[in-house]
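Secondary and tertiary structure notes
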Amino acid sequence: MSMHIEIYTDGACSGNPGPGGWGALMRSGAHEKEIYGGEAETTNNRMEMMAVIEALKSLKKRSKVTLYTDSKYVLQGATEWLDGWKAKGWKTASKKPVKNKDLWQQIDEFVSAHDVKFIWVKGHSDHPENDRADELARLGIP
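Procedures and definitions
Residues numbered from 1 in each chain as written. Predicted model: local features only at pLDDT ≥ 70, side-chain atom pairs only at ≥ 80, totals over all residues. Heavy atoms only, no water. Salt bridge = Lys/Arg side-chain N within 4 Å of Asp/Glu carboxyl O. Helix = DSSP H or I, 4+ residues; strand = E, 2+ residues; numbered from the N terminus. Buried < 20%, exposed > 50% of the residue type's maximum accessible area, 1.4 Å probe, protein only. Expected span 1.5 Å × (residues − 1).

Another point: the pattern of salt bridges. Using the criterion set out here, one finds 10 salt bridges in the structure. For Glu129, the salt bridge is made with Arg27, and the minimal N-O distance between the two is 3.1 Å. With Glu129 in helix α4 (residues 128-140) and Arg27 in strand β2 (residues 18-28), this pair connects stretches of sequence that are 102 residues apart. Among the residues examined, Glu129 registers a relative accessible area of 17% and is labelled buried. Notably, a salt bridge pairs Glu34 with Arg132, separated by 2.8 Å at the nearest N-O pair. Of this pair, Glu34 sits in strand β3 (residues 31-42) while Arg132 is found in helix α4, placing the two residues 98 residues apart along the sequence. Overall, Glu34 belongs to the partly exposed group, its relative accessible area being 36%. Each of Glu6, Arg27, Glu32 and Glu129 takes part in one network of salt bridges that share partners.

Turning next to helix α1 (residues 44-57). In this model, α1 (14 residues) spans 20 Å end to end at C-alpha, consistent with the 20 Å of a helix rising 1.5 Å per residue. The buried fraction of α1 is high, at 11 of 14 residues. Residues Arg46, Met47, Glu48, Met49, Met50, Ala51, Val52, Ile53, Glu54, Ala55 and Leu56 constitute the buried set of α1.

Geometric descriptors of this kind do not, in isolation, establish any biological role.
Right under this line is the structure:
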């Protein structure tokens, strides 16, 4: 039986593009872990994606994950668009290259390694775990 882990992720950017940070709050039973980081020149979408990647990358074994994000871009990319992009050779429906392909490929790899269910939460709506992920993302801004 794999462990069940709740992950709350968020990204933040000071300017878009500009310095950005990502953060994740991870919870399994009574255990909690917080991680964050950032980049000097990035976009908000890339930081939202990095939060997911770094959180899933930190899991030591295959796990059942409920991943909460306030990013519709991450949610729809991971649950609706990814398979189509792969089938079309990483091209969009309009035959353009997929933006952030490098990060989408990592998300695909880590999501495939676990049993991940994505859930969207409204950002900045007094959701304690999402608010904490936002605080962590801001801490990550260099």
